[in-house]
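# Overview (structure and organization)
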Amino acid sequence: MTYWQEELETMNRADLEKLQLHRLKETLERANHSTFYTKVFQEHAIIPETIRSLDDLKKIPFTTKEDLRNHYPFGLAAVPLQKCVRLHSSSGTTGNPTVILHSAKDIDEWANQVARCLYMVGLRDTDIFQNTSGYGMFTGGLGFQYGAEKLGALTVPAAAGNTKRQIKFIKDFGTTCLHIIPSYATHLAEVMYESGIDPRKDTHLHTICIGAEPHSEEQRLRIEELLGAKAYNCFGMSEMNGPGVAFECKEQNGLHIWEDYVIVEIIDPITLEPVPDGQVGELVLTTINREAMPLLRYRTRDLTHLIPGDCPCGRTHKRIARLKGRSDDMIILKGVNIFPIQIETILMKFKELGSNYLITIENDEMQVEVELSDLFTDDYSQLQRLSKEVTRQLKDELLLTPKVKLVGRGSLPIQEGKAVRVKDLRKFS
Ligand code: AMP
Ligand code: ZN
């Protein structure tokens, strides 16, 4: 069997759109039970029954993170709380967090979505799946737990941190698949090598699911090389359940986004108009398979583009490109727009450099600190040559000259969760 749900995964476009429209209509009817959407529909004179085509979705205004915050905690609940069995919350840096509610059916559908992704990259019930995500409010924990269990894999809820213990589990339990944040994956590999363990020979790892934060293709390749296993990019967000929204298939030519769960739009974040396929814009998603808390035209702030054409794997669901970052991750320096992932792409090309780096912006200057890899010496002239070459390549990419500082292995901070790659001191001055 190649697919987890062959009929749904390979459905032709006409049937898929029919299914989407059917689910969209149900979703609109349900959404109309929430305080928030009742008000939105009234204000915009929207009568759910008059939405008769997928194109009609455009009549509905966008929903934003601010809407979720302003209607905290239950203003978007479309069913009585009694029908909800789980709540996840994403803490904001300021103000109210966002809350997402799930019914029992929602949890089951979400688990199915994750199982579908894991099956797609070759996992089976014979696998041992170790999840290094934080459990609790962060959806990477329970989301992957339920998905891997649904698939039938032996699932190890190792949770975040405690690297030595993670390694012991990988070895003792014969872990074959890891779910891990990319910045932590490289750290874990480094600790393994330092402890005299070669993951390529001394473990049974064959698949790594990496996601939850932006990372470059170079970083993904580096993880594959270090851990001696295939690494697949997985994308999700708590507002859209969590993990399982989009995932690379074995072709690794983009991430299939499950269109029986969401309707995908890519818009220009300034004009809010749709962009042509292939052009980068903001991902906007409408849930069509969620009971407790539907979200209509939700502006994710994540930047990507749709990949035109069919995928040789036979799945007909659209593919999005590796995420470029969030619109709020963009650094504007001396009038130039920069995404941290551009810097990472250059750094990861150098074998002499490690995987941990930190970008600091102060007084309109950018400093890039990057750790050296084990491969490199402390010979001063060699270090100088390396630093010059890194600076040159960064300048070519960014069109401005950052100050490059090469630092020793282990000198930069490591986070248990998502890595903090940028310190913008201008925001505090
Ligand atoms: P959270 O809701 O806290 O899980 O955060 C979700 C956000 O993490 C997304 O909106 C993205 O900005 C980011 N994210 C998740 N997965 C990926 C990925 N594979 N690549 C890039 N960014 C990701
Ligand atoms: Zn595919």
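Now for a quick tour of the structure. The structure displayed is predicted, hence computed values, not measured ones.

Thresholds, definitions, all that
Residues numbered from 1 in each chain as written. Chains lettered and ligands numbered in written order. Predicted model: local features only at pLDDT ≥ 70, side-chain atom pairs only at ≥ 80, totals over all residues. Heavy atoms only, no water. Helix = DSSP H or I, 4+ residues; strand = E, 2+ residues; numbered from the N terminus. Polar contact = N/O pair within 3.5 Å; in protein donor to acceptor, adjacent residues only side chain to side chain. Contact = heavy atoms within 4.5 Å. 1 Å grid on protein atoms, 1.4 Å probe; cavity = no way out; pocket = protein on both sides within 12 Å on 5 of 7 lines; lining within 4 Å. Points joined across faces, edges and corners; volume = space filled by probe spheres on them. Domains from an automatic or database assignment. Pairing = 2+ DSSP bridges. Axes fitted to C-alpha atoms, helices over the stretch in contact; angles between N-to-C directions. Buried < 20%, exposed > 50% of the residue type's maximum accessible area, 1.4 Å probe, protein only. Donors = N, O, S within 2.8 Å, 3.2 Å for Na, K, Ca; no water. Tetrahedral: all angles 85-135°; square planar, octahedral: opposite > 155°, others 65-115°. Near = heavy atom within 4 Å. Areas by Shrake-Rupley, 256 points an atom, 1.4 Å probe, with all protein chains shown as cover. Nonpolar A, V, L, I, M, F, W, Y, C, P; charged D, E, K, R; others polar.

A few words on the side chain of Thr-304. With respect to the helices, strands and loops of the structure, Thr-304 is situated in strand S12 (residues 298–304). In this structure the side chain of Thr-304 is engaged in a polar contact, spanning 2.7 Å, whose partner is the backbone oxygen of Ala-321. Apart from the residues lying within four places of it in its own chain, the contact partners of Thr-304 are Ile-266, Gln-279, Val-280, Gly-281, Leu-283, Ile-320, Ala-321, Arg-322 and Leu-323.

Bringing the layout of surface pockets into the picture now. What the second largest pocket holds in volume is close to 540 Å³. Forming the boundary of the second largest pocket are 19 residues, of which Glu-225, Leu-226, Lys-351, Ser-373 and Leu-375 lie nearest the centre. Within the residue set of the lining of the second largest pocket, elements represented by two or more residues are helix H8 (182–194), helix H10 (217–227) and strand S18 (353–362). For the lining of the second largest pocket, the domains that each give at least three residues are domain 1 (1–326) and domain 2 (331–424).

Taken in spatial order, the nine strands make up an open sheet running S4-S3-S5-S6-S7-S8-S9-S14-S13, and their pairing is mixed. Only two strands of the sheet have a single partner each, and these edge strands are strand S4 (154–156) and strand S13 (306–307). Bridge count between strand S3 (residues 128–131) and S4: three bridges; the pairing is parallel. When the sheet's bridge partners are listed, Gln-130 is paired in S4 with Val-156. The strands touched by H8 within the sheet are strand S5 (177–180) and strand S6 (207–211), with S5 carrying the most contacts at an inclination of about 125°.

Taking burial as the measure, the six residues of strand S2 (residues 98–103) include six buried ones, the bulk of the element. The alternating pattern of S2 places Thr-98, Ile-100 and His-102 and Val-99, Leu-101 and Ser-103 on opposite faces, both of which are buried. Here strand S1 (residues 84–90) pairs with S2 via six bridges, running antiparallel. In the strand pairing of S2, Ser-89 is matched with Val-99.

With that out of the way, let us pick up the pairing of strand S10 (residues 262–267). The two faces of the sheet receive side chains in turn, since in a regular strand these alternate between them. Within S10, six of the six residues are buried, which leaves the element mostly enclosed by the surrounding structure. Where burial is concerned, the two faces of S10 agree: the one with Val-262, Val-264 and Ile-266 and the one with Ile-263, Glu-265 and Ile-267 are both buried. Where S10 and strand S11 (residues 281–287) come together, six bridges link them in antiparallel fashion. Residue pairing across strands places Ile-267 opposite Glu-282, the latter belonging to S11.

Moving on to the coordination of the zinc ion (ligand 2). Summarising the metal site, the zinc ion (ligand 2) is bound by the protein donors Cys-249 (SG), His-256 (NE2), Cys-311 (SG) and Cys-313 (SG), whose distances to it range over 2.1 to 2.3 Å. Note that the zinc ion (ligand 2) binds four donor atoms; their angles at the metal cover 101 to 117°, and the shape is tetrahedral.

What follows concerns the sheet that holds strand S21 (residues 422–424). With respect to topology, four strands assemble into an open sheet ordered S20-S19-S18-S21, the strand pairing being mixed. Unpaired on one side and paired on the other, strand S20 (403–407) and S21 mark the two borders of the sheet. On average, each strand axis in the sheet is tilted by 20° relative to the strand beside it, whichever way the strands run. Summarising the sheet, strand S19 (residues 365–372) and S20 pair through five bridges and their orientation is parallel. Opposite Gln-367, over in S20, you have Lys-403 as the bridge partner.

Before going further, it helps to spend a moment on the site of ligand 1. Lining the immediate surroundings of ligand 1 are 16 residues, of which Asn-233, Cys-234, Ser-238, Asp-302 and Lys-418 lie closest. Backbone polar atom of Cys-234 to a nitrogen atom of ligand 1: 2.7 Å apart, as the coordinates give it. Separating an oxygen atom of ligand 1 from a side-chain N or O atom of Arg-326 is a distance of 2.9 Å. Within the complex, the protein chains bury 90% of what would otherwise be the 500 Å² of accessible surface of ligand 1. When grouped by side-chain class, the residues that make up the shell around ligand 1 number seven nonpolar, four polar and five charged.

That is the geometry; function is a separate question.
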